[in-house]
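Here are the chains, one letter per residue:
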Amino acid sequence: MKILVIGSGGREHALAWRLAQGARVQKVFVAPGNAGTSHEDGVENIVLASISELVAFAQREQIYFTVVGPEAPLAAGIVDSFRAAGLKIFGPTQAAAQLESSKDFAKAFMRRHNIPTAAHQTFSDAISAHEYINTRGAPIVIKADGLAAGKGVVVAMNLDEAHQAVDMMFAGNKLRDALSGADQKESSKVVIEEFLEGEEASFIVMVDGKNILPLATSQDHKRLFDGDLGPNTGGMGAYSPAPIVTPKIHARIMREIIQPAVQGMEKEGRTYTGFLYAGVMIDPQGNVKTLEFNCRMGDPETQPILLRLKNDLMEILNHAVHGTLDKVEPQWDRRTALGVVLAAANYPGTPRTGDIISGAVIADSDKQPEDAHVFHAATAERDGNIVTNGGRVLCVTALGDSVKMAQRRAYQIADTIHFEGCQMRRDIGYRAIAVKK
Ligand code: AMP
Ligand code: GLY
């Protein structure tokens, strides 16, 4: 059977790679994919841009089901279009994807269903936002409403930063509205919320409309520099499992966040299907609060999670699209998997592209080490070379008997790869290593 994966990042490389290993899988198509997916056995990239082209392709090729990686096509209604054409697809509808595509919707939804989250207020004009910041003080968190690829959030440690962030976001919204012709009042919103202290974890589940299947836990590293300093990025590295999520905390997240969210969506007529990702903040007392919902898997979290998955991913997704996730018993490798992101020069600003990537694991992508996999993200092939093609370029992911060992192995491999301007954190996994001491 043939499967279609939508997206071009490291997450999609990991999904396609795992799906291609499925016993009943004949071929995995990735639209548009990257230089990594184009070299993977049983995987083929296709260049199709619009949702209608993808629907036509799935019909023509008799795709068994489609899996959507990133949020943009979900927010654009790809699931609705595929279903209307009688095609099977795993992901939330456009209405359900609002849980991620509108922070304002997500915050109000959490309030309606008593899901713990930071106290917040939404503003559609800069003057009231500035006044609110002055009354609340710093630290304080400013978020642009709408999708911003993890970059629409400023954690302001002082008032100056907070005021600047408000001005920047209202200016950014105006520009976006002007370009898209959107109604100003609808989309020019900024959410300001209470600063939460604690440690973050990524909690990702699969939902088939009624059954919930939690995947292995993980932790991302959002800041650009070691020690969680510098600007926010889409994620500079991740590992799984996250020891901070003890069985007790796992149960609390399911009971207080995930179950009410899935039930709440059902009650509001937006039945949830797809991956659901809750970013959670865990305080020293073990209380959990929701930082955000994403309606997809995390990137780079997917890479270590799927490196640990022992089941046939095609069979799990087959249950997911047929509403029988209750029949699945996931098996996880007991080892830790840890992924280190190699990012391009100038990321998370406008990244430089076209830098040639060298290293044996890149040149001969068939020869991946037993205990590791180099997942490509923003890579492309040009004149026989593999070159950088965006912000996050690669995610080198390795298994180890401990976090420390997985970390050592991932960096050992990452250090054999070179490109001009490469940015890489050296401390991925440090929180888990500190816990284990
Ligand atoms: P978000 O896109 O909402 O997950 O925000 C991106 C990152 O900003 C999160 O992963 C956190 O590190 C940080 N962040 C967001 N909201 C808060 C908050 N209320 N308190 C502290 N940090 C936050
Ligand atoms: N790694 C964070 C995200 O995928 O949103």
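All values derive from a computational prediction rather than experimental measurement. Every residue gets a number counted from 1 within its own chain, in the order that chain's sequence is written. Chains and ligands are labelled by the order in which they are written, letters from A for the one and numbers from 1 for the other. Where local features are concerned, this predicted model is filtered to residues with pLDDT of at least 70; where side-chain atom pairs are given and counted, the filter is 80 or more; whole-chain, interface and lining totals use all residues. Where side-chain values are given, they derive from all heavy atoms of the structure, hydrogens and water being excluded.

1. A closer look at the pattern of salt bridges
- Note on definitions: salt bridges are taken to be side-chain nitrogens of Lys or Arg within 4 Å of carboxyl oxygens of Asp or Glu. Within this structure, the stated rule accounts for 23 salt bridges.
- Across the pair D299 and R392 runs a salt bridge whose closest N-O atoms are separated by 3.8 Å. Note that D299 is positioned in the loop between β17 (288-294) and α12 (302-308) and R392 in strand β22 (residues 392-400), a separation of 93 residues in sequence.
- The closest approach of N and O atoms between R426 and D415, which form a salt bridge, is 3.0 Å. Secondary structure elements follow DSSP: runs of H or I no shorter than four residues count as helices, runs of E no shorter than two count as strands, and numbering proceeds from the N terminus.

2. Some remarks on the sheet that holds strand β16 (residues 273-282)
- A pair of strands is labelled paired if DSSP reports no fewer than 2 bridges between them. Spatial ordering of the open sheet is given by β11-β10-β16-β17, a layout of 4 strands whose pairing is antiparallel. The sheet is open, and its two edges are formed by β11 (212-214) and β17, each paired on a single side. Here the average twist between neighbouring strands, direction ignored, is 30°.
- Summarising the sheet, β16 and β17 pair through 6 bridges and their orientation is antiparallel. Bridge pairing links M281 to K289 in β17.
- Contacts from helix α11 (residues 247-267) reach β10 (199-208), β11, β16 and β17 within the one sheet, and its direction differs from that of β17 by about 50°. Each axis is a line fitted through C-alpha atoms, taken for helices only over the stretch in contact, and angles between the N-to-C directions span 0 to 180 degrees. Residue contacts follow a heavy-atom distance rule, with two residues in contact if any of their heavy atoms lie within 4.5 Å.

3. Considering the site of ligand 1
- A cutoff of 4 Å decides nearness: a residue is near a molecule or strand if any of its heavy atoms lies inside that distance of it. The local shell around ligand 1 holds 16 residues, among which K143, E194, L196, E200 and K222 are the closest.
- Two N or O atoms form a polar contact when they lie within 3.5 Å of each other; inside protein one atom must be a possible hydrogen donor and the other a possible acceptor, and for residues adjacent in sequence the pair counts only when both atoms belong to side chains. K103 has a polar side-chain atom sitting 3.3 Å from an oxygen atom of ligand 1.
- Between ligand 1 and the protein, one listed contact pairs an oxygen atom with a side-chain N or O atom of K143 at 2.8 Å.
- Protein coverage of the free-state accessible area of ligand 1, which is 470 Å², stands at 95%.
- Broken down by secondary-structure element, the contributors of at least two residues to the shell around ligand 1 are β7 (140-144), β8 (153-156), β9 (190-194) and β17. Per-residue and other accessible areas were derived by the Shrake-Rupley procedure at a 1.4 Å probe size, with only the shown protein chains allowed to occlude residues.

4. A few points about the sheet that holds strand β4 (residues 63-68)
- Pairing within the open sheet is parallel, and its 5 strands lie in the order β3-β2-β1-β4-β5. Taken across any chain shown, the strands that pair with only one partner, and hence form the sheet edges, are β3 (43-45) and β5 (89-90).
- Bridging between β4 and β5 involves 2 bridges; their strand directions are parallel. Paired with V67 across the two strands is F90, which belongs to β5.

5. Regarding the site of ligand 2
- Within the structure, ligand 2 sits among D220, K222, G234, Y277, N294, R296, G298, D299, P300 and E301.
- Here D220 contributes a side-chain N or O atom positioned 2.7 Å from a nitrogen atom of ligand 2.
- Between ligand 2 and R296, the relevant distance is 2.8 Å, taken from an oxygen atom to a side-chain nitrogen or oxygen of the residue.
- For ligand 2, whose free accessible area comes to 200 Å², the fraction covered by protein is 92%.
- Gly is placed with the polar residues, together with every amino acid not listed as nonpolar (Ala, Val, Leu, Ile, Met, Phe, Trp, Tyr, Cys and Pro) or charged (Asp, Glu, Lys and Arg). Residue classes in the shell around ligand 2 are distributed as 2 nonpolar, 3 polar and 5 charged.

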